[in-house]
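Observations on the model geometry
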Amino acid sequence: MPGLLLRTLRGENAPERPVWLMRQAGRYLPEYRALRASKGGFLPLVYDSEAAAEITLQPIRRFGFDGAILFSDILIVPYAMGQDLEFLAGEGPHLSPRLVDTALSSLTAVPHRLSPIYDTVRLVRAALPADKTMLGFAGSPWTVATYMVAGEGSRDQHETRAMAYRDPGAFQAIIDAIVAVTVEYLAGQIQAGAEAVQLFDSWAGSLAPAEYERWVIAPNAAIVSQIRARFPEVPLIGFPKGSGEKLPAYARETRVDAVGIDETIDPLWAARKLPAGLPVQGNLDPLLLLAGGAELERQALRILDAFADRPHVFNLGHGIGQTTPLDNVGALLALVRGWRK
């Protein structure tokens, strides 16, 4: 029988709630920090499939989350498309050449850069208990494009937004290329053992409504359609961070199987506005988990109660912070697992 998380993503509204946390395999865990120190950097960890599998499994061993999220990065896709990728201490990721300066056609694809990620998925799925769900993921095209165009992250994605206004044809070609590679990347993860996949659109909130329709909804809908045609049993979670009032349209028009909501969304509003019966994932503020105490409990219960009438995966509104106390994570899990609708 599928685990609670997979059943929930498929639309079952069980009395209890599955739980996993974005970035649960990461720097808040001492065992992760020790392994990273021994390997010498982030990208070497991602490309060491045994190490990446170990990191993916660490939070399952410690906390018993219902899902194991693949340890990797959304920028593996542009890396496979031919950009160079490096992670600099204190600066984050850098891609080159920047597509604001260089044509997409100048890149030479390196598809074998995806293969070690599939190996990680196979290793994790083989080691996971049967009741735990293996979660794969990719970045959504808009968010990936912002890094490919600018070469790095930015506060308002101004270079990418300007390019999309200035030369929408060229930018559409970038989006279409990302869609094509992302479909194959997710398909490879599913074939290797991923039972559900999530699309991260971290910068969806930076777009005006018309551009949101073109650069967020349309490409995500294309990915969902193609993956569903090939793997109809595999749920897709869409996480368009910062979407606000555009979230219901995203849910309807992309046809994702579940929608992740960030901490800025009122769960009571989401429960009213999102399509009936659609599984929801989220949306505790990661800073509440860091702070702990009575307010953490109060807000977590408010979220659980708000989504009592629909399938709900308890999660954060974004990634867990690296200084989050482990005791707070344990307390949150105990609260969620003790709740019944």
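Located above this text is the structure these notes cover.
Residues numbered from 1 in each chain as written. Predicted model: local features only at pLDDT ≥ 70, side-chain atom pairs only at ≥ 80, totals over all residues. Heavy atoms only, no water.

Attention shifts here to helix 4 (residues 49-63). Here helix 4 spans 22 Å end to end across 15 residues, near enough to the 21 Å set by a 1.5 Å rise per residue. Maximal helix bending in helix 4 amounts to about 30°, located at Leu57; proline Pro59 follows within four positions. Within helix 4, 11 of the 15 residues are buried, leaving the element largely enclosed by the surrounding structure. Regarding helix 4, the residues found buried are Ser49, Ala51, Ala52, Ala53, Ile55, Thr56, Leu57, Gln58, Pro59, Ile60 and Phe63. Residues of helix 4 that are buried in the fold lie against helix 2 (30-39), helix 3 (42-46), strand 1 (67-69), helix 6 (115-127) and helix 15 (326-338). Downstream of helix 4 by one or two residues, Gly64 has phi in the positive range, about 70°. (Helix = DSSP H or I, 4+ residues; strand = E, 2+ residues; numbered from the N terminus. Expected span 1.5 Å × (residues − 1). Bend = angle between axes of the 7 residues up to and from the residue. Buried < 20%, exposed > 50% of the residue type's maximum accessible area, 1.4 Å probe, protein only. Contact = heavy atoms within 4.5 Å.)

It is worth spelling out the pairing of strand 9 (residues 312-316) at this point. With 5 of 5 residues buried, strand 9 is to be regarded as a mostly interior element. Burial of strand 9 is two-sided: the residues His312, Phe314 and Leu316 facing one way and the residues Val313 and Asn315 facing the other way are all buried. With 5 bridges joining them, strand 8 (residues 280-284) and strand 9 adopt parallel strand pairing. Across the sheet, residue Leu284 finds its bridge partner in strand 9, namely Leu316. (Pairing = 2+ DSSP bridges.)

Okay, the nonpolar core next. Core analysis: the largest hydrophobic core is formed by 119 residues, its most contacted members being Phe171 and Leu284. Once residues lying within four places of it in the same chain are set aside, the contact partners of Phe171 are Trp142, Ala145, Val149, Thr160, Met163, Ala164 and Trp215. (Core = buried A, V, L, I, M, F, W, Y, C linked by side-chain atoms within 4.5 Å.)

Right, let's get into the packing of aromatic side chains. Counted under the stated rule, the structure contains 10 aromatic pairs. Ring centres 5.5 Å apart and planes at 70° place the aromatic pair Phe42 and Phe71 in the edge-to-face group. Of this pair, Phe42 sits in helix 3 while Phe71 sits in the loop between strand 1 and helix 5 (76-81); the two residues are 29 residues apart in sequence, bridging distant segments of the chain. Comparing Phe42 with Phe71, the two get one shared label, buried. With 5.8 Å between their ring centres and 75° between their planes, Tyr47 and Tyr79 make a pair best called edge-to-face. (Phe/Tyr/Trp six-rings, centres within 6.5 Å; stacked < 30°, edge-to-face > 60°.)

Its location among the elements puts Asn283 in strand 8. Polar side-chain contacts of Asn283 include one of 3.0 Å to the backbone oxygen of Asp262. (Polar contact = N/O pair within 3.5 Å; in protein donor to acceptor, adjacent residues only side chain to side chain.)

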